[in-house]
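One letter stands for each residue in the lines below.
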Amino acid sequence: MTVNLEVSEGVGTIRLDRPPMNALDVATQDRLRELAEEAARREDVRAVVLYGGEKLFAAGADIKEMQAMDHAAMVVRGRALQDSFTAVAKIPKPVVAAVTGYALGGGCELALCADVRIAGDNAKLGQPEILLGLIPGAGGTQRLARLVGPSKAKDLIFTGRQVKADEALAIGLVDQVVPAAEVYERALAWAARLAKGPAIALRAAKESIDAGLETDLDTGLAIERNWFAGLFATEDRERGMRSFVEDGPGKAKFL
């Protein structure tokens, strides 16, 4: 398989495994969607790590495969491509991308689907599609602009240039930069911590933030208000408040 899902102690690792560059061909895209949907519905998966391996995350689409497609073929395929990445973005659980080496084109777009990005000091990210006479087609023009702002997104997309880890951190494209050998362990630790948290509240927080960013403030506040009130019906809320009153803050253990 070109993508695998491994689960351990509440953390699911979705790992790209298509040597040598983890090129995201059609089969890999479809498999990615299947595993994202599986991770979303599995109760034993409470947080997710996206990982491409020790050497690189993903160097982009399979250009040879794309070259053989005409306009009609891409009209059909384009939606499926976006749907594969959107399935990752919509996993209702904390998701972290562990980025080593290249994360270019579709690789960068996949990292954008995570909630947090931890990059190795050897990472290089970018959207080089313009150099092929194209634009990003798996969400790059939308998610990148929302993350780093329109000016920085236009700079990266217009030029197709790659940014190293330090610049990616400075513009907000990644959230942490660590030694390359520590990337997966750092990402795993982040996910493992949240895997022990209140699953429904984490889902509520993620959906409130993501949905709120797509609408006006009043509607966003309504989304937040509805989730906030709804959480008072959960066992995790009862457990968390009881622990706070009896033992002090930060000591609750959630199921």
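Right above here is the structure, for reference.
Residues numbered from 1 in each chain as written. Predicted model: local features only at pLDDT ≥ 70, side-chain atom pairs only at ≥ 80, totals over all residues. Heavy atoms only, no water.

## Considering the overall build of the chain
Okay, step 1: Summing up its helical and strand segments, the chain has 11 helices and nine strands in all.
Okay, step 2: The C-alpha atoms of the chain give a radius of gyration of 19 Å, which matches the 18 Å a tight globule of 255 residues would have.
Okay, step 3: Structurally, the chain occupies a C-alpha span of about 60 × 40 × 35 Å along its principal axes.
Okay, step 4: Scored against the burial criterion, the 255 residues of the chain give a buried share of 42%.
Okay, step 5: Of all intrachain contacts in the chain linking residues separated by at least 6 positions in sequence, the fraction that spans at least 24 positions is 69%.
Okay, step 6: Within the structure as shown, the chain displays about 13500 Å² of accessible surface, and the carbon and sulfur contribution to it stands at 56%.
Okay, step 7: Of the charged side chains in the chain, 32 are positive and 36 negative; the average position of the first set lies 1 Å away from that of the second. (Helix = DSSP H or I, 4+ residues; strand = E, 2+ residues; numbered from the N terminus. Rg over C-alpha atoms; globule rule 2.2 N^0.38 Å. Buried < 20%, exposed > 50% of the residue type's maximum accessible area, 1.4 Å probe, protein only. Contact = heavy atoms within 4.5 Å. Areas by Shrake-Rupley, 256 points an atom, 1.4 Å probe, with all protein chains shown as cover. Lys, Arg positive; Asp, Glu negative; His and termini not counted. Charge placed at Lys NZ, Arg CZ, Asp CG, Glu CD.)

## With respect to unusual backbone geometry
Okay, step 1: The amide bond that connects P19 to the next residue, P20, takes the cis arrangement and shows omega of 5 degrees.
Okay, step 2: Examined against the element boundaries, P20 turns out to sit in the loop between β2 (11-16) and α1 (26-41).
Okay, step 3: One non-glycine residue with positive phi stands out, namely E9, at about 50 degrees.
Okay, step 4: In this structure E9 comes out as exposed when scored by relative accessible area, which is 78%.
Okay, step 5: A positive phi angle, near 55 degrees, is found at N22, a position not held by glycine.
Okay, step 6: If you trace the backbone, N22 turns up in the loop between β2 and α1.
Okay, step 7: Taking the relative accessible area as the measure of exposure, N22 reaches 5% and is therefore buried.

## Describing the pairing of strand β1 (residues 3-8)
Okay, step 1: Sheet topology places β1 next to β2; six bridges connect them, and they run antiparallel. Within β2, the position partnered with E6 by the bridge is T13. (Pairing = 2+ DSSP bridges.)

## Some details on helix α10 (residues 217-230)
Okay, step 1: Here α10 contains 14 residues, and its C-alpha end-to-end distance of 20 Å stays within 8% of the 20 Å for a straight helix at 1.5 Å per residue.
Okay, step 2: A side-chain oxygen of the first residue of α10 lies 3.1 Å from the backbone nitrogen of D218; this N-cap is D216. (Expected span 1.5 Å × (residues − 1). Polar contact = N/O pair within 3.5 Å; in protein donor to acceptor, adjacent residues only side chain to side chain.)

## Considering the layout of surface pockets
Where empty space is left in the structure can be found by rolling a water-sized probe over the atoms.
Okay, step 1: The space that makes up the largest pocket amounts to roughly 1100 Å³.
Okay, step 2: Residue lining of the largest pocket: 34 residues in total, with A89, C113, R143, D210 and E214 positioned closest to the centre.
Okay, step 3: Where the lining of the largest pocket is concerned, the elements lending two or more residues are α3 (71-89), β6 (116-120), α5 (140-148), α8 (183-195) and α9 (199-213).
Okay, step 4: Tallying contributions element by element places α9 first for the lining of the largest pocket, with eight residues.
Okay, step 5: Looking at the lining of the largest pocket, its residues break down into 17 nonpolar, seven polar and 10 charged.
Okay, step 6: Estimates place the volume of the second largest pocket at around 540 Å³.
Okay, step 7: Taken together, 29 residues line the second largest pocket, and the ones lying closest to its centre are A61, M66, L81, E129 and L134.
Okay, step 8: At the level of secondary structure, the elements contributing two or more residues to the lining of the second largest pocket comprise α1, α2 (63-67), α3 and α4 (106-112).
Okay, step 9: The leading source of residues in the lining of the second largest pocket is α3, at six residues.
Okay, step 10: In terms of residue class, the lining of the second largest pocket is made up of 16 nonpolar, seven polar and six charged. (1 Å grid on protein atoms, 1.4 Å probe; cavity = no way out; pocket = protein on both sides within 12 Å on 5 of 7 lines; lining within 4 Å. Points joined across faces, edges and corners; volume = space filled by probe spheres on them. Nonpolar A, V, L, I, M, F, W, Y, C, P; charged D, E, K, R; others polar.)

## Focus on the state of the cysteines
Okay, step 1: With the rule as written, the count across this model stands at zero disulfides.
Okay, step 2: Distance from the sulfur of C113, which forms no disulfide, to the nearest cysteine sulfur (C108) is 10.0 Å.
Okay, step 3: For C113, a relative accessible area of 3% translates into the label buried. (Disulfide = S-S within 2.5 Å.)

## Considering the nonpolar core
Okay, step 1: I14, L50, F57, L125 and L173 are the most contacted members of the largest nonpolar core, which totals 45 residues.
Okay, step 2: Looking at this core element by element, the count peaks at five residues for α3. (Core = buried A, V, L, I, M, F, W, Y, C linked by side-chain atoms within 4.5 Å.)

## Observations concerning the side chain of R117
Okay, step 1: Relative to the helices and strands, R117 is located in strand β6.
Okay, step 2: You can call R117 buried: its relative accessible area is 3%.
Okay, step 3: With residues near it in sequence (within four places) discarded, R117 still touches A97, A111, L112, L147, L173, V174, D175 and Q176.

## Brief notes about the packing of aromatic side chains
Okay, step 1: Counted according to the given criterion, the structure contains two aromatic pairs.
Okay, step 2: Between the aromatic rings of F228 and F232, the centroid separation amounts to 5.5 Å while the plane-to-plane angle is 70 degrees, which identifies the pairing as edge-to-face.
Okay, step 3: Look at F228 and you get exposed, because its relative accessible area is 55%. (Phe/Tyr/Trp six-rings, centres within 6.5 Å; stacked < 30°, edge-to-face > 60°.)

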